[in-house]
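A closer look at the structure
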Amino acid sequence: RAWTWGRPSRIGEGRRHRVELSEGTMAAARTKRSEMTDISAALRTFASKGRPTKEEQAQRRQLFQKVIQYLTIGIDMSPIFSDVIMNAHTTDVATKKMLYHYITHYAQANADLALLTVNTLQKDCREEDPVIRGLALRSMASMRVPDLVEYLIDAIRLGLKDADPYPRKTAALGVLKVHDLAPEALAETEILEEVRRMLISDRDASVVANCLIVLREIDGERALATKQNVYGLINRIKDFTQWSQVTILETVALYKPADKSETFDVMNALEDRLQSSNSAVVLGTVKVFLHATLDLPDVHQQVFERLKAPLFTLANAGAAETAYAVWAHLHLLTMRAPPLFAMDYKSFFCRGSDAPAVKKLKIEMLTAVADDVNTYDIVSELCEYVTDVDAVIAREGVRAVGRIALDGDQNVAGIVDRLLQFIEYNQEHITAETLVQVKDLVRKHPRWIDQCVVAVSGIELETIVEPEAKAALVYLYGEFGQAMPEAPYMLEPLLDEFDEEESEEVRLELLASAMKLFFKRAPEMRDMLGKALAAGTNDANQDVHDRVLMYARLLHKDPEAASRVIAGYKESVANFSDGAGFADKFGEQIFDEFNSLSVLYRKPAFLFTDDKPVEVPRTPDVIEAAGGGGGGSAMMGDSLIDFGDEPVGASSSRSAIDDLLGMPAG
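Residues numbered from 1 in each chain as written. Predicted model: local features only at pLDDT ≥ 70, side-chain atom pairs only at ≥ 80, totals over all residues. Heavy atoms only, no water.

**Quick notes on the packing of helix α20 (residues 375-385) against helix α22 (residues 413-421)**
- As a packed pair, α20 and α22 sit with axes 11 Å apart at the nearest point and diverge in direction by 5°. By the angle class used here, α20 and α22 are roughly parallel. Facing α20, whose interface residues are T375, Y376, V379, S380 and C383, α22 presents A413, G414, I415 and R418.
- In terms of residue class, the contact of α20 with α22 is built from five nonpolar, three polar and one charged. (Axes fitted to C-alpha atoms, helices over the stretch in contact; angles between N-to-C directions. Helix = DSSP H or I, 4+ residues; strand = E, 2+ residues; numbered from the N terminus. Parallel < 35°, antiparallel > 145°, perpendicular 65-115°, else oblique. Contact = heavy atoms within 4.5 Å. Nonpolar A, V, L, I, M, F, W, Y, C, P; charged D, E, K, R; others polar.)

**Things to note about the packing of aromatic side chains**
- Tallied over the entire structure, the rule returns 13 aromatic pairs.
- On the basis of an interplanar angle of 55° and a centroid distance of 6.2 Å, the ring pair of F312 and W327 is categorised as tilted. Highlighted residues: F312 in helix α17 (residues 297-315) and W327 in helix α18 (residues 320-336), separated in sequence by 15 residues.
- Take W327: its relative accessible area is 1%, and that puts it in the buried class.
- Pairwise contacts between aromatic rings join F304, F312, W327, F341 and F348 into one cluster.
- The aromatic ring of Y231 is capped on one face by K227, whose charged end is 5.6 Å from the ring centroid.
- Lying over the aromatic face of F591, R336 brings its terminal NZ or CZ to 3.7 Å of the ring centre. (Phe/Tyr/Trp six-rings, centres within 6.5 Å; stacked < 30°, edge-to-face > 60°. Buried < 20%, exposed > 50% of the residue type's maximum accessible area, 1.4 Å probe, protein only. Lys NZ or Arg CZ within 6 Å of the ring centre and 35° of its normal.)

**Some points on the nonpolar core**
- The biggest cluster of nonpolar side chains holds 190 residues, and the ones touching the most others in it are M77, Y102, V175 and W327.
- Excluding its chain neighbours within four sequence positions, the residues that come into contact with Y102 are V67, I68, L71, M77, S78, I80, F81 and V84. (Core = buried A, V, L, I, M, F, W, Y, C linked by side-chain atoms within 4.5 Å.)

**Some details on empty space enclosed by the protein**
- Counted according to the given criterion, the structure contains three cavities of 30 Å³ or more.
- By volume, the largest cavity is sized at about 60 Å³.
- In terms of lining, the largest cavity is formed by C125, R133, L137, A155, L158, G159, D162 and P167.
- Those elements that provide at least two residues to the lining of the largest cavity are α7 (130-142) and α8 (149-160).
- Among the elements that take part in the lining of the largest cavity, α8 stands out by supplying three residues, more than any other.
- A per-class count over the lining of the largest cavity returns five nonpolar, one polar and two charged.
- Taken as a whole, the second largest cavity holds about 40 Å³ of empty space.
- Taken together, V252, A253, Y255, P257, V266, V288, H291 and A292 make up the lining of the second largest cavity. (1 Å grid on protein atoms, 1.4 Å probe; cavity = no way out; pocket = protein on both sides within 12 Å on 5 of 7 lines; lining within 4 Å. Points joined across faces, edges and corners; volume = space filled by probe spheres on them.)

Read these as geometric descriptors, not functional statements.
Right, here's the structure in full:
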């Protein structure tokens, strides 16, 4: 039983209550203390036995397993630290591993206790068993206690000269931990020079691999890309594990061959790595070949031809995740040199077993490699994807056909027909994507206007839900309303309910189309335009509000000028700037980061890591254009357009516009 202070039963009363603790809680506490005492006593008993039998060794191993189990679930086992250290003389490897794990766990939080282990670890670093020597060295390096750096350096110096490879490779990684903990102390020793020597001369591949990892972190990747290092690693690359081969290939990719002959020597030495079953090794080799031939255009093209077969083989075999990584790199190469993959377009046809992400990549590659020879075969294949049950793939199919028609020359009439036929599918997502592509098509190729206008004339605006597609159809009504008798009446329901439209994009397009139709068919559009402008003045969106004010002022000042500005002749669009993404802007940088996540994300590493934060500086001109820090807002009378002095007869034009719109122009 225990006495505690309870809450007063009445205000102002502070009498003490006796609260009975749960019998189960007290029993658990007693059990825990008793078990901890039993473990401590058992550890002392085992420590006192100089030569335990096999049965006693097994019992001690089970005891250590219980200690590690308690440690794992969060029970504080530090009170038995000294008892655990007393068992460090055990020769059982499994018990040693658990003992080192226990020491490493509590060493950083209890530096004073860690000092008790120095003598034990130093002694184990000189054991006859190389596994024990390596484990002791790894444990000492993993404790990360600054006071032990001096002892750790001595142990690493001894481990680097060990006759067995396991202590040597453990000591090599220990160098990196010392560099992270106390770089100044490491610089005062000859250890780094010894590691650099071992990179070239050590007989064991695992030791060399660890030395390479350590020096890449300390000296930098490019510092290791010397002829001596690269040739030494390439000649022994078959001896390394696949993971180590990837690291070696990353280093070789940074090496710049002196001439064409040396380039061929490097590629010949790595030729067999293209046949590896590991995708990372193949892609690492591809990176070496591509970077080594950048200054040799003719050889660079031959390298593309040589790399296609192993990449296609690797992409079509293995798990879906691996396949996507390979296809992503193939996508990068295809976008970099589409003509070189034009003859292999059938390799980009989608399979039923392909993941949606892989299908999307293949469709983009099919679009890129389309030329005069294979275009119709590719378009026929893409049309099959439009009926895919996955709406995303169906949209990609429509978008791909639209891009081919958009980028094609005069001989794309059949492709345009295929694109317009998608409207007849009566599928909402297919019709929506088709409208977006038709809008871009008529902006770039006016010769298809008549055909496209006829195709979209039968679409009812109320059936289109997606904002981008609705805005595209509204644009077509406004731009070509003179050829579409029903255009004003198609827009009327949306203009009457202008303030209920949720999409800002659609509201802006409605205003523009209503203005265009007003100058073409004024009697039909007068009332509708007036309602839209009146509703727009109260719009919460600043862009919509400003657009309404600009239109009203244009009409108020000079209707003819407004007609020239809004509904005047427009040149065809040569290129769409909104189509350029990260892959276009940072294409060279992504290519330089081949065989990394940059290829999968389609953006350079500094955009998704913290190494190089992106800074967008504002020039003085931009700051001044933004108002120079004034902070004032533009008022109704502060027009951004200089209309000059009011012309003669402007008052009569203004009154006509006021009457036309049914609203004050000011």
